[in-house]
Amino acid sequence: MIFVGEGSLLWRAVQHTLDNDLSVDLVCAPAPVAPAARPDVPFLAVSDVNAVADELAAASTDGVVWSLNNRMIFRAPVLSAGLRVLNIHHGPLPAYRGMPEVALVYAMLRGEREFAATLHEVDEGIDTGPTLAADSYPIGADEPYHVVLRRGLQVCHRLFERCVPLVAADPAWAGEPTRPSGSDGGGYFGRTALERLSRHRGDPTYARATDLGFLAGYLPELAVALR
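Remember, it's a predicted structure, so these values are computed and weren't measured experimentally.

S.K.: I keep staring at the overall build of the protein and nothing clicks. Help me out?
M.R.: Counting secondary structure elements, the protein contains eight helices and nine strands. Expected size for 227 residues packed as a compact globule is a radius of gyration near 17 Å; at 17 Å, the protein falls within 12% of this value. Projected onto the principal axes, the alpha-carbon positions of the protein cover approximately 55 × 40 × 30 Å. Out of the 227 residues belonging to the protein, those deemed buried represent 49%. Of all intrachain contacts in the protein linking residues separated by at least 6 positions in sequence, the fraction that spans at least 24 positions is 67%. For the protein, the exposed surface amounts to about 10400 Å²; the carbon and sulfur share of it is 52%. The average position of the 19 basic charges and that of the 27 acidic charges among the side chains of the protein differ by 8 Å.

S.K.: Teacher, can you tell me more about helix H5 (residues 145-169) here?
M.R.: The α-helix advances 3.6 residues per turn, and as a result positions three or four apart in sequence lie on the same side. Taking 1.5 Å per residue, 25 residues should reach 36 Å; H5 reaches 37 Å between its end C-alpha atoms and fits that length. Along H5, the helix axis deviates most sharply at cysteine 163, where the bend reaches about 30°; the proline proline 165 sits within four residues downstream.

S.K.: Sorry if this is basic, but what is going on with unusual backbone geometry here?
M.R.: Keep in mind that most residues, glycine aside, have a negative phi and that most peptide bonds are trans. Proline 94 follows leucine 93 through a cis peptide bond whose omega is 5°. With respect to the helices and strands, the residue proline 94 is situated in the loop between strand E5 (84-90) and strand E6 (96-98). Phi is positive for asparagine 69, which is not a glycine, with a value near 50°. Counting through the fold element by element, asparagine 69 comes out in the loop between strand E4 (64-68) and helix H3 (76-79).

S.K.: I would appreciate a short explanation of the environment of alanine 31 in the present structure.
M.R.: You can see alanine 31 is positioned in the loop between strand E2 (26-29) and strand E3 (43-45). Between the alpha carbons of alanine 31 and leucine 10 there is a distance of 15 Å; along the sequence they are 21 residues apart. The residues contacting alanine 31, other than those within four sequence positions of it, are Ala45 and Val46.

S.K.: What exactly am I supposed to notice about the packing of aromatic side chains here?
M.R.: Two numbers describe a pair of aromatic rings. These are the distance of the centres and the angle of the planes. Tallying each qualifying case throughout the model produces seven aromatic pairs. Residues tryptophan 66 and phenylalanine 160 carry aromatic rings whose centres are separated by 4.9 Å and whose planes lie at 80° to one another, so their mutual orientation is edge-to-face. One end of the pair, tryptophan 66, is in strand E4; the other, phenylalanine 160, is in helix H5, and 94 residues separate them in sequence. Both residues of the pair, tryptophan 66 and phenylalanine 160, count as buried.

S.K.: It is not clear to me how the packing of helix H4 (residues 100-109) against H5 should be interpreted in this structure. Could you clarify?
M.R.: Two quantities define a packed helix pair, namely the angle between the helix axes and the distance between the axes. Here H4 crosses H5 at 125°, and the two axes come no closer than 11 Å. The angle between H4 and H5 places the two elements in the oblique class. As H4 runs across H5, the sense of the crossing is right-handed. Between H4 and H5, the contacting residues are Glu101, Leu104, Val105 and Met108 on the first element and Tyr145, Val148 and Leu149 on the second. Across the contact of H4 with H5, the residue classes tally to six nonpolar, no polar and one charged.

S.K.: Which parts of the structure should I look at to understand the nonpolar core?
M.R.: A general feature of soluble globular proteins is that nonpolar side chains tend to end up buried together. Among the nonpolar cores identified, the biggest contains 57 residues, and Phe3, Trp66, Leu104, Leu119, Tyr145 and Leu222 are the most heavily contacted of them. If sequence neighbours within four positions are ignored, tyrosine 145 has contacts with Glu101, Leu104, Val105, Met108, Arg208, Ala209, Thr210, Asp211, Leu212, Leu219 and Leu222. Listed in part, the 16 residues of the second largest apolar core include Val49, Leu56, Val65 and Val85.

S.K.: How do you make sense of helix H1 (residues 7-19) when you look at a structure like this?
M.R.: In this model, H1 (13 residues) spans 19 Å end to end at C-alpha, consistent with the 18 Å of a helix rising 1.5 Å per residue. Looking at the packing, one finds that the buried side of H1 touches strand E1 (2-5), E2, E3, E4 and H5. Positive backbone phi, at 60°, marks aspartate 21, one or two positions downstream of H1.

S.K.: Teacher, can you tell me more about the pairing of E2 here?
M.R.: Every other side chain in a regular strand lies on the same face of the sheet, so the side chains alternate between the two faces. The two faces of E2 match: Leu26 and Cys28 on one face and Val27 and Ala29 on the other face are all buried. Bridge analysis of E1 against E2 gives three bridges, and the strand direction is parallel. Its bridge partner lying in E2, phenylalanine 3 is registered against valine 27. The parallel pair E1 and E2 is bridged by H1, and the resulting crossover is right-handed. The pairing of E2 with E3 spans three bridges and is classified as parallel. By the bridge assignment for E3, cysteine 28 is matched with leucine 44.

S.K.: For this particular structure, what's the right way to read the sheet that holds strand E7 (residues 114-121)?
M.R.: Strands pair in a sheet through their backbones, by hydrogen bonds, and they do so in one of two ways: parallel or antiparallel. Strands sit in the order E3-E2-E1-E4-E5-E7-E8 across an open sheet of seven strands; the sheet is mixed. Each edge of the sheet is formed by a strand with only one pairing partner; in this case those strands are E3 and strand E8 (131-138). The average angle at which neighbouring strand axes cross in this sheet is 15°, direction not considered. The sheet contacts of H5 involve E1, E4, E5, E7 and E8, and relative to E8 the element is tilted by about 145°.

Rules used in this analysis
Residues numbered from 1 in each chain as written. Predicted model: local features only at pLDDT ≥ 70, side-chain atom pairs only at ≥ 80, totals over all residues. Heavy atoms only, no water. Helix = DSSP H or I, 4+ residues; strand = E, 2+ residues; numbered from the N terminus. Rg over C-alpha atoms; globule rule 2.2 N^0.38 Å. Buried < 20%, exposed > 50% of the residue type's maximum accessible area, 1.4 Å probe, protein only. Contact = heavy atoms within 4.5 Å. Areas by Shrake-Rupley, 256 points an atom, 1.4 Å probe, with all protein chains shown as cover. Lys, Arg positive; Asp, Glu negative; His and termini not counted. Charge placed at Lys NZ, Arg CZ, Asp CG, Glu CD. Expected span 1.5 Å × (residues − 1). Bend = angle between axes of the 7 residues up to and from the residue. Phe/Tyr/Trp six-rings, centres within 6.5 Å; stacked < 30°, edge-to-face > 60°. Axes fitted to C-alpha atoms, helices over the stretch in contact; angles between N-to-C directions. Parallel < 35°, antiparallel > 145°, perpendicular 65-115°, else oblique. Left-handed = near helix turned anticlockwise from the far one by under 90°. Nonpolar A, V, L, I, M, F, W, Y, C, P; charged D, E, K, R; others polar. Core = buried A, V, L, I, M, F, W, Y, C linked by side-chain atoms within 4.5 Å. Pairing = 2+ DSSP bridges. Right-handed = clockwise from strand over helix to strand, strands pointing away.

So, in structure tokens, the structure goes:
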């Protein structure tokens, strides 16, 4: 299995995979990030994963690529290389596509009482591929954003832990029979949605839904948009 992404979510998944005696063929992360978490794992620093499609295809032993906390968008070079790309998306699909940290703000502003982590197969769109599995979690009525986001990241990791042995046993695993699709109140939440957040300052839930707390330094784009 190949892993693409960055941060602790990526490296926790790599560690979990190795701890369970499953193979890690390669880890790809944006330059100049160093593989300090596992210096013994094959590592490739990349700024565009599509530029190394041939390297990914050559390294893969099972045809599976995991995308975790990954901001790089897979395009034809990788998607046409005979690889199956699986993404853990923080958000219920198809209702909350796009930037998860932005989608969660809007979900809280809209009064959602539940969010989710979703495993889906990557296609040519953004978060539009077939959903394979999903785990939901509650949003407390009085909980600030940073508490909800932290819970969501934990659910993302647990979803990976639950599904990785299924994919390892069958790289063509078709997913679970019942696949939650999320609420109907979402859409696509990209940079345009990020820029429009300031319009909601008058919302009574705005302070709670934008309370980044200790996570502000990890979400610079969102922090700037909320100033």
